[in-house]
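Remarks on the overall topology
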Amino acid sequence: PALVEMPDGQKSWMISRYDDVVQALGHPGLSSAIIPGGMLNHTDPPEHTQLRKPIARAFSTRRMEALRPRIEQIANELLDTWEGTEEVDVIETFAHPLPITVICELLGVPKEDRDEIRTLSTELLVPATMAEAFGRFAAYVERLLTTKEPGDDVITELRDEPNLVMNLVLLITAGHETTVHLLGNGLLALLRDPDVKRSLAGDPLLIPEAVEEFLRLDGPLALGVSRVATSDVVIGGVTIPRTSQVAVSLGAANRDPSRYPGADALQLGRDPHVAFGHGIHYCVGARLARIEGEIAFGTLLGRFPELALAAEPEWRESFIRGLGSFRVRPK
Ligand code: HEM
């Protein structure tokens, strides 16, 4: 751990080694309660334990696995629009619409609201518009809760839970913004590596392993997660004083050369990563994101094995690591 100055001028302890990150994410003296309002990822036990139970139940492995045929159908319908085209933007036509359709159907958000959600989510990720966008997002969810018919969906299931508005904003945004960039960043790594691409196209059973490696190499939450020390905390032999801000860098941990030799290279079969976090806040949507990744890459390679980069894309400015646009040639 090292004390560093963050872009906003504030001092924060930065944790970057794999072992230190795992230790920090499991440490009860590092609190997640940075933002008030009872959003699951910003609560500590015992409140966190109570809030997480029904949400985790709503995203159970069994329910997520049962979504596979529907996710395959969505992926295929999106890729139908690629047939016969010279060049497409992956983010616009596939990586974004796939997860937003899945999370909206699962939660019970009407189809016609998707554009509004996209605008709200985008504004929420830009520091300058974040506070205002949050208010508008919460107002949207409140309106949705008063107008929505009950159905076989997660919103209906969670309707009596505390802090529902806050947690629906979390589920809608966390439920797609991150997965968009698992698909985009993963595809970029793959198209830059013809050998791995060829082996995946030849052996689809390798795809789950490849999804893990995409998450390690360029996980959407590479920048990491924040904590605040509620007592003096020792991480990696260094004492972090009470009230310190702590930045836990998941991307740095995932490229720690002592755990991942040649860490900047795409290489299947590596040790597990921390792209979904670790400990009590471990991502509730990890199963869903993995399934979406497996289906997206399987369908893409199955239908467009000759897929190639049209131009080198650029990383956008955002705390979620990802591409603003990404042009490919389906062939
Ligand atoms: C928590 C990453 C997809 C919902 C987290 C955390 C990480 C993460 C690192 C831990 C945060 C912390 O420790 O402070 C990712 C990545 C995804 C992804 C990389 C996609 C590739 C999803 C999806 C959902 C989701 C699809 C939809 C249900 C959540 C929720 C939490 C969370 C609700 C808070 C859990 C808690 O605090 O107990 N995610 N996530 N995520 N994620 Fe994800």
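Everything in this summary refers to the structure shown in the same document. Everything numeric here is computed off the predicted structure, so don't read it as measured data.

**Topic: the packing of aromatic side chains**
Taken as a whole and judged by the stated rule, the model has six aromatic pairs. Note on Trp-82 and Phe-94: the rings are 6.0 Å apart at their centroids and 65 degrees apart in plane angle, and the pair reads as edge-to-face. In this pair, Trp-82 sits in the loop between helix 4 (68-80) and strand 4 (88-89) while Phe-94 sits in helix 5 (residues 90-95), placing the two residues 12 residues apart along the sequence. With respect to class, Trp-82 is no different from Phe-94; both count as buried. Ring centres of Trp-82 and Phe-304 lie 5.5 Å apart, and the angle between their planes is 45 degrees; on these two criteria the pair is classed as tilted. Residue Trp-82 is located in the loop between helix 4 and strand 4, and its partner Phe-304 is located in the loop between helix 15 (286-303) and strand 9 (308-309); the two are separated by 222 residues in the primary sequence. Take Trp-82 and Phe-304: they sit in the same class, and that class is buried. Following the ring pairs from residue to residue traces out a cluster consisting of Trp-82, Phe-94 and Phe-304. Over the ring of Tyr-18 we find Arg-259; its NZ or CZ atom is 3.8 Å from the centre of that ring. Lying across the ring of Trp-315, Arg-321 places its NZ or CZ 3.7 Å from the centre.

**Comments concerning the environment of Glu-83**
Looking at where Glu-83 falls in the secondary structure, it is placed in the loop between helix 4 and strand 4. Judged by relative accessible area, which is 45%, Glu-83 ranks as partly exposed. Separated by 247 residues in sequence, Glu-83 and Pro-330 place their C-alpha atoms 7.7 Å apart. For Glu-83, the residues in contact, after removing those within four places along its chain, are Arg-303 and Phe-304.

**Observations regarding the sheet that holds strand 9**
Sheet architecture is open: three strands sit in the order 4-10-9, paired in antiparallel fashion. Sheet topology places strand 4 and strand 9 at the edges, where each strand pairs with a single neighbour. Direction of pairing for strand 9 relative to strand 10 (residues 327-329): antiparallel, over a ladder of two bridges. The residue bridging Leu-309 from the neighbouring strand is Val-328, located in strand 10.

Cut-offs and rules
- Residues numbered from 1 in each chain as written.
- Predicted model: local features only at pLDDT ≥ 70, side-chain atom pairs only at ≥ 80, totals over all residues.
- Heavy atoms only, no water.
- Phe/Tyr/Trp six-rings, centres within 6.5 Å; stacked < 30°, edge-to-face > 60°.
- Helix = DSSP H or I, 4+ residues; strand = E, 2+ residues; numbered from the N terminus.
- Buried < 20%, exposed > 50% of the residue type's maximum accessible area, 1.4 Å probe, protein only.
- Lys NZ or Arg CZ within 6 Å of the ring centre and 35° of its normal.
- Contact = heavy atoms within 4.5 Å.
- Pairing = 2+ DSSP bridges.

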